[in-house]
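The lines below spell out each chain.
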Amino acid sequence: MSIDSSISLWELIKHTCSWITNLSRAREQRKRESVLALRKVISAARQTSVYMRQLRDTGKVSHKTEGRLTTLWTELGFALEDLGLGKLAKRCQITGKHWADPAKLDPEYLEKADIGLERIEQLAGEMLKDLKTR
């Protein structure tokens, strides 16, 4: 029994090569998007550190700055989630929620969530190194 196909072997090979090329491009695009998002996480951690230093030095809360931090961390969380970087995405989401109302989340929960800025920056840095070696 033979199967009659209207697709030639050559057409099948061309289609397969095209598919592999497109897959490679998609991987490179995802890699670039991941690098950009991870760099933004490091930037956000440093921006947040600057605000926290200002808070310590002046004792003045800025709801405007906290609103920007909330948006920044939340958007980063969504971007990282879309890229499949779930652990870091979750930490960013919790950080965004924390800045929305710092007194609302339980300190014990925050400690377990491991959302310290140094830890988040360290994780993002490790992921960046890993991406660059691939």
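Residues numbered from 1 in each chain as written. Predicted model: local features only at pLDDT ≥ 70, side-chain atom pairs only at ≥ 80, totals over all residues. Heavy atoms only, no water.

### Quick notes on the overall build of the protein
Counting its secondary structure elements, the protein contains five helices and zero strands. Reading the protein from its N terminus to its C terminus gives the helix and strand order α-α-α-α-α. The proportion of buried residues among the 134 residues of the protein is 31%. Within the protein, counting contacts between residues at least 6 apart in sequence, those at least 24 apart form 65% of the total. (Helix = DSSP H or I, 4+ residues; strand = E, 2+ residues; numbered from the N terminus. Buried < 20%, exposed > 50% of the residue type's maximum accessible area, 1.4 Å probe, protein only. Contact = heavy atoms within 4.5 Å.)

### Digging into helix α3 (residues 86-100)
The end-to-end C-alpha distance of α3, which contains 15 residues, comes to 21 Å, matching closely the 21 Å that a straight helix rising 1.5 Å per residue would cover. What α3 keeps buried is the set L88, A89, R91, C92, I94, T95, G96, H98 and W99. (Expected span 1.5 Å × (residues − 1).)

### Comments concerning the side chain of T48
With respect to the helices and strands, the residue T48 is situated in helix α1 (residues 9-58). Its relative accessible area of 0% is what places T48 among the buried residues.

### Observations concerning the nonpolar core
Residues L38, V41, W73, L80, L88 and C92 are the most contacted members of the largest nonpolar core, which totals 29 residues. Not counting residues within four places of it along the chain, the set of residues in contact with C92 comprises V41, W73, T74, L76, G77 and L80. (Core = buried A, V, L, I, M, F, W, Y, C linked by side-chain atoms within 4.5 Å.)

### Regarding the packing of aromatic side chains
Inspection of every chain in the model, using the stated rule, returns one aromatic pair. Measuring from centroid to centroid gives 5.6 Å for Y51 and W99, while their planes differ by 75 degrees, and the two rings are edge-to-face. Residue Y51 is found in helix α1, and its partner W99 is found in helix α3; the two are separated by 48 residues along the sequence. Here the two residues Y51 and W99 agree in accessibility, since each one is buried. (Phe/Tyr/Trp six-rings, centres within 6.5 Å; stacked < 30°, edge-to-face > 60°.)

### Looking at the side chain of E66
Relative to the elements of secondary structure, E66 occurs in helix α2 (residues 63-82). Despite being buried, E66 has no salt bridge partner; R68 is the closest side chain of opposite charge, sitting 11 Å away. At 2.8 Å, the side chain of E66 forms a polar contact with the side chain of Y51. Those residues in contact with E66 that sit more than four places away from it in its chain are Y51, L55, V61, W99 and P102. (Lys, Arg positive; Asp, Glu negative; His and termini not counted. Salt bridge = Lys/Arg side-chain N within 4 Å of Asp/Glu carboxyl O. Polar contact = N/O pair within 3.5 Å; in protein donor to acceptor, adjacent residues only side chain to side chain.)

### Here we look at the packing of α2 against α3
The packing of two helices is summarised by the inter-axis angle and the distance between the axes. It is the contact of α2 with α3, at a shortest axis distance of 7 Å, that shows an interaxial angle of 160 degrees. Taken together, α2 and α3 sit at an angle that is classed as roughly antiparallel. The chirality of how α2 crosses α3 is left-handed. Taken together, the residues of α3 that come into contact with α2 (itself represented by E66, L69, T70, W73, T74, L76, G77, F78, L80 and E81) are L88, A89, C92, Q93, T95, G96, W99 and A100. Across the contact of α2 with α3, the residue classes tally to ten nonpolar, six polar and two charged. (Axes fitted to C-alpha atoms, helices over the stretch in contact; angles between N-to-C directions. Parallel < 35°, antiparallel > 145°, perpendicular 65-115°, else oblique. Left-handed = near helix turned anticlockwise from the far one by under 90°. Nonpolar A, V, L, I, M, F, W, Y, C, P; charged D, E, K, R; others polar.)

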